[in-house]
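Okay, here's what each chain looks like letter by letter:
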Amino acid sequence: MNPLRRELEIVADWIEPGSRVLDLGCGDGTLLQYLVQRKGVIAYGLEIDPRKVTRCMDRGVNVVRADLDEGLADFHRDSFDHVIMSQTIQAVRYPDKLLEDLLRVGRNGIVTFPNIGYWRLRTQLLFRGRMPRGPSLPNAWYNSPNIHLCTIRDFERLCASMGIEILERRTLDRAHRANPLLNIAPNLLAEVAIYRFVRGAQSL
Amino acid sequence: MVRSPPADSVGLVTQHKAIFEEPLALDCGRELPRYELVYETYGQLNRDASNAILVCHALSGNHHAAGYHSEHDRKPGWWETCIGPGKPLDTNRFFIVCSNNLGGCHGSTGPASINPESGKPYGDQFPVVTVRDWVRSQARLAARLGVTQWAAVAGGSLGGMQALQWAIDFPERLRHAIVIAAAPRLSAQNIGFNEVARQAIMSDPEFHGGRYYDYGVAPRRGLAVARMLGHITYLSDDAMRAKFGRDLRGSMSFDFDEVDFEVESYLRYQGQRFVQDFDANTYLLMTKALDYFDPAAHFGDDFSAAVRPIQCATLLLSFSSDWRFAPARSREILRALLENEKPVSYVEIEATQGHDAFLMPIPHYLDAFSAYMNNVARELEG
């Protein structure tokens, strides 16, 4: 078993044993394989890249090749206890619609994304006048899959406007560590943001 | 075949026959007093008989799924692309079994077999068999081979439906179902094509109500037409355009008997070749079995309820240009399995070849299939 990125460990800690999990943009299935082996979850992944889909199948992870931009029509309301989007939301065409669909098919949502408000990224734009790049954003503007980057504040605004109730936020620094100092100004200091949320009482 | 078979072929193979003397009750209400299944195997059965895979053939297929019967064979078995050393159904790891379905014309009991009651070929007296009947007949073959649980049951098209039926009817007797280019049941359009094919056969003057064996003839023209029609549905519009376009053989003949277009020539050739070793009554039976395939029918028309007994994991594969059993049909199976929280993976493969793609060496198809089977093999090691 490959050591999980710290981010995936945090996500895994939020998943109860035996629960039903859907991973949107599951990549090579690392997280789902971990969840199945350690937590005995019933897990499915959706992934668009054929090579990653193949990796999932080699690992014995249930995977469906799917384009998230087409929505989650194959799944009924409340099919899952947790729906995860790890480093995926910034790469989809309609993040708001997908969030809505996510909370239709799942009771809990878990989202992680690179925080474009991170100070090193801000300074690239401010002082160098270039689109920010970094370990979490390795591509150039013209070939990046990340077409909907947002800051921590942006994401929380969107959740508020959609009536999504955020239960917990975790942040990671440049070394992908959980550093308590990040809480001073997370939108400036955190490189990665990780959220756990549910449908708000009067929403959706 | 060239002098020696390719390294990734199972090479020369021989067929076996299993004879079952106990009667087999059929869905139609009749029974077969006894039956024979002809089959081939590739690879070695391991000590605990856990590495056996059953391959189910499609409409016009048979038990000869891989390898060659002699050095003189021009072509290998029908699923040579997927069965052999290092291939998805890897004969270094798995013991592969493929049997000819009941009603077939390649050695299993079928309409040309002698009816013990009359001492003559069954002909039109052969009972209409169903996919469920086939599964039941194969369950006895499994027992005969000492296989209590298949590592997987796999097939494409009608064979995929048979794999699905296995998973529903004998949930504890397989660990994986590989269901390729299939559907939960046929559409009206699918049944329509099958009916035209049957009418082509039955309206041939040589058909004689299905008793043509008694007259020493066969409805070859009707069967050829049926095959030509079927063949069109196996190819995509794009594939036909790429292969033939509107190319002419020569100049326009202004005559109906002449072959003008390349596509006509191709279809006539396919039809003529097919009738050399296929029996028209078998074609009628196989198309009927396809038409009748409908697991939901036994569960109040609820397909989701039909798949509920399934205990195995399922791999679903479809092909983007397949319009006979389109990806949308595989998605119906996917949804029903997801509703029941069954382990399932599904990939729609980008392919231009239409329904026939499941027989072709398409890299992403073989990669995905191999990756899935790697995991099946890993389970054997515990």
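The residue count restarts for each chain, going from 1 along the sequence in the order it is written. Labels follow written order: the first chain is A, the first ligand is 1, and so on. Local features in this predicted model are restricted to residues whose pLDDT is 70 or higher, and side-chain atom pairs enter the listing and the counts only when it is 80 or higher, whereas totals over whole chains, interfaces and linings include all residues. Computation of side-chain values: all heavy atoms of the structure, hydrogens and water removed.

**Topic: helix α2 (residues 30-39) of chain A**
Residue and element names in this part refer to chain A.
Alright, step 1. Counting buried positions along α2 yields seven of 10 residues, so the element is predominantly enclosed.
Alright, step 2. Considered for burial, the residues of α2 that qualify are Thr30, Leu31, Leu32, Gln33, Tyr34, Leu35 and Lys39.
Alright, step 3. Note on definitions: a residue-residue contact is assigned when non-hydrogen atoms from the two residues lie within 4.5 Å. The numbering of helices and of strands both runs from the N terminus, where a helix is a DSSP run of H or I of at least 4 residues and a strand a run of E of at least 2. Residues of α2 that are buried in the fold lie against α1 (6-13), β1 (20-24), β2 (42-47), α3 (50-59) and β4 (80-86).
Alright, step 4. Positive backbone phi, approximately 60°, marks Gly40, located one or two places after α2. Note on classification: 1.4 Å probe, protein chains only; a residue is buried when its accessible area is under 20% of the maximum for its type, exposed when over 50%, partly exposed between these limits.

**Structural notes on the pattern of salt bridges**
Alright, step 1. Throughout this description, the term salt bridge denotes a Lys or Arg side-chain nitrogen within 4 Å of a carboxyl oxygen of Asp or Glu. Applying the stated criterion across every chain, the model contains 35 salt bridges over all chains.
Alright, step 2. Among the ionic pairs, Arg104 of chain A bridges to Asp101 of chain A, the shortest N-O distance being 2.8 Å. With a gap of three residues between them, Arg104 of chain A and Asp101 of chain A both fall in helix α4 (residues 95-105), about one helical turn apart.
Alright, step 3. Accessibility expressed as a relative area gives 25% for Arg104 of chain A, which makes it partly exposed.
Alright, step 4. Relative accessible area serves as the criterion here: at 16%, Asp101 of chain A is assigned to the buried category.
Alright, step 5. Here the residues in one salt-bridge network are Arg20, Asp81 and Arg107 of chain A together with Glu341 of chain B, joined through shared partners.

**Considerations on the nonpolar core**
Alright, step 1. To form a nonpolar core, buried Ala, Val, Leu, Ile, Met, Phe, Trp, Tyr and Cys residues must be joined to one another through side-chain atoms within 4.5 Å. Core analysis: the biggest nonpolar cluster contains 108 residues, and Leu24, Leu99 and Phe155 of chain A together with Trp150 and Tyr283 of chain B have the highest contact counts within it.
Alright, step 2. When near neighbours in sequence (up to four residues on either side) are disregarded, Trp150 of chain B contacts Ala52, Ile53, Leu54, Val97, Ala142, Trp166, Arg173, Leu174 and Arg175 of chain B.

**Overview of the interface of chain B and chain A**
Alright, step 1. Taken together, the contact pairs 23 residues of chain B with 20 residues of chain A.
Alright, step 2. What gets called buried area is simply the loss in accessible area from a 1.4 Å probe that two parts show on being joined, summed for both. Together chain B and chain A conceal approximately 1800 Å² of surface at their shared face, both sides included; 50% is due to carbon and sulfur atoms.
Alright, step 3. There are five salt bridges connecting chain B and chain A.
Alright, step 4. Counting only elements with at least two residues in the side of chain B that touches chain A, the list comes to α9 (327-339), β12 (344-349) and α10 (363-380) of chain B.
Alright, step 5. Here the element with the most residues in the side of chain B that touches chain A is α10 of chain B; it accounts for eight residues.
Alright, step 6. When residues are sorted by character, Ala, Val, Leu, Ile, Met, Phe, Trp, Tyr, Cys and Pro go into the nonpolar class, Asp, Glu, Lys and Arg into the charged class, and all the rest, Gly among them, into the polar class. Of the residues in the side of chain B that touches chain A, the class split is 10 nonpolar, four polar and nine charged.

**Description of the packing of aromatic side chains**
Alright, step 1. Stacked, edge-to-face and tilted labels apply to pairs of Phe, Tyr and Trp rings (six-membered ring for Trp) whose centres lie within 6.5 Å, assigned for plane angles under 30 degrees, over 60, and everything in between, in that order. Under the criterion given, the structure shown has 23 aromatic pairs over all chains.
Alright, step 2. Here Phe155 of chain A and Tyr195 of chain A contribute two aromatic rings whose centre-to-centre distance is 4.7 Å and whose plane-to-plane angle is 40°, an arrangement assigned as tilted. Of this pair, Phe155 of chain A sits in helix α6 (residues 152-161) while Tyr195 of chain A sits in strand β7 (residues 192-199), and the two are 40 residues apart along the sequence.
Alright, step 3. A residue is classified by how much of its surface remains accessible, and Phe155 of chain A, at 2% relative accessible area, is buried.
Alright, step 4. Linked through ring pairs, Trp78, Trp79, Phe319, Tyr365 and Phe369 of chain B together constitute an aromatic cluster.
Alright, step 5. Lysine and arginine charges are scored as sitting over a ring when NZ or CZ, respectively, is within 6 Å of the ring centre and within 35 degrees of the ring normal. Its end group placed over the ring of Trp14 of chain A, Arg196 of chain A keeps NZ or CZ at 5.5 Å from the ring centre.
Alright, step 6. Across from the ring centre of Phe274 of chain B, 4.4 Å away, lies the NZ or CZ of Arg227 of chain B, which sits over that ring.

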